[in-house]
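What follows is each chain in one-letter form.
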Amino acid sequence: LTGAGGSGKTEVINSVLAYAKGFCKGIEYVFDKQMIVVTAMSGVAATILKGKTVHSAAHLNCSKISIEHQKESASARMIIIDEISFASTADIMNLHEKLNQLKQVVREKYGGLHVIFTGDFSQLEPVNGTPLYNEPNFAPWHEWINCFVELTGQHRFKNDPEFGRVMKQIHEGCPTPKDIAYLNTRIINGDHPHAPTMADVPNNVAYAVYRNLD
């Protein structure tokens, strides 16, 4: 499941969870929170999704999967992994092996679980390793995936379509000098005559900081 920022990927994930809960309620089946495991490759993305990092949920950094780990995953049927552009082939192979151990199977793909990879490959690449799209012979990525969905909406920019248009140009790698000039009008206390000031910044703005501690 892919698409640019603001296209609705998180909304789709939330809808999948809501549907699953409603379906289970309709057939009077207890919905276990471990049934659909929501994860992300980064801690920030996992927090936004109210999930865990995939390293924590699938115990990717553990040298040995314990019986307790297997009990925790007993009811798991699906795992959702956001920010997949961060993943390398080593991450995917480790995920496959750990899920097989958690579900106590040998020859299944990803432990027999349904896996939904989400993210945007026009964003950040793996910190270490090669992006998945640069590994043409990597079967767990190119052959095991049986469905591809791309979201093309721009819901995040519904109240500012011109800014959304510029973001689309940048996402596709083809911004024009006019687009860059338009972005410069948005720099707070910038040199542009119509640049916003700190007084124009909303009270609920989110700030990007260098350290988690900050």
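Look up: the structure comes first, before these words.
These numbers come from a predicted model, not from an experiment. (Residues numbered from 1 in each chain as written. Predicted model: local features only at pLDDT ≥ 70, side-chain atom pairs only at ≥ 80, totals over all residues. Heavy atoms only, no water.)

### Remarks on the environment of T53
Reasoning step 1: Residue placement: T53 occurs in strand β3 (residues 52–53).
Reasoning step 2: You can call T53 partly exposed: its relative accessible area is 24%.
Reasoning step 3: Spatially, the C-alpha atoms of T53 and T39 are 5.0 Å apart, while their sequence positions differ by 14 residues.
Reasoning step 4: Apart from residues lying up to four places away in sequence, T53 is in contact with T39, A40, S42, G43 and A46. (Helix = DSSP H or I, 4+ residues; strand = E, 2+ residues; numbered from the N terminus. Buried < 20%, exposed > 50% of the residue type's maximum accessible area, 1.4 Å probe, protein only. Contact = heavy atoms within 4.5 Å.)

### Points about the packing of aromatic side chains
Reasoning step 1: Applying the stated rule across the entire model yields 7 aromatic pairs.
Reasoning step 2: With 5.6 Å between their ring centres and 85° between their planes, F121 and Y133 make a pair best called edge-to-face. Of this pair, F121 sits in the loop between β5 (114–117) and α6 (139–142) while Y133 sits in the loop between β5 and α6, and the two are 12 residues apart along the sequence.
Reasoning step 3: The exposure class assigned to F121 is partly exposed, which follows from its relative accessible area of 27%. (Phe/Tyr/Trp six-rings, centres within 6.5 Å; stacked < 30°, edge-to-face > 60°.)

### A look at the pairing of β5
Along any regular strand the residues' side chains alternate between the sheet's two faces.
Reasoning step 1: Bridge count between strand β4 (residues 78–82) and β5: 4 bridges; the pairing is parallel. Bridging across to β5, I81 finds its partner in F117.
Reasoning step 2: Between β4 and its parallel partner β5, the chain crosses via helix α5 (residues 89–102), and the hand of that crossover is right-handed. (Pairing = 2+ DSSP bridges. Right-handed = clockwise from strand over helix to strand, strands pointing away.)

### Structural notes on the sheet that holds β4
Reasoning step 1: The strand order β3-β2-β4-β5 describes an open sheet built from 4 strands, whose pairing is parallel. Sheet topology places β3 and β5 at the edges, where each strand pairs with a single neighbour.
Reasoning step 2: Where strand β2 (residues 36–40) and β3 come together, 2 bridges link them in parallel fashion. In the strand pairing of β3, T39 is matched with K52.

### Let's talk about the pairing of β2
Reasoning step 1: Within β2, 5 of the 5 residues are buried, which leaves it mostly tucked inside the rest of the structure.
Reasoning step 2: Every second residue of β2 is oriented toward a common face, with I36, V38 and A40 on one face and V37 and T39 on the other, all of them buried.
Reasoning step 3: The pairing of β2 with β4 spans 5 bridges and is parallel. Note on β4: the bridge partner recorded for T39 is I81.
Reasoning step 4: What joins β2 to β3 is helix α2 (residues 43–48), and the crossover it makes is right-handed.

### Notes on α5
Reasoning step 1: Compared with the 20 Å implied by 1.5 Å per residue over 14 residues, the 20 Å span of α5 between its first and last C-alpha is a close match.
Reasoning step 2: Inspection of α5 places I92, L95, H96, K98, L99, N100 and L102 among the buried residues, and these make up the whole buried set.
Reasoning step 3: Taken together, the buried residues of α5 touch α3 (54–57), α4 (67–72), β4, β5 and α6.
Reasoning step 4: One or two residues past the end of α5 sits Q104, with phi positive at roughly 55°. (Expected span 1.5 Å × (residues − 1).)

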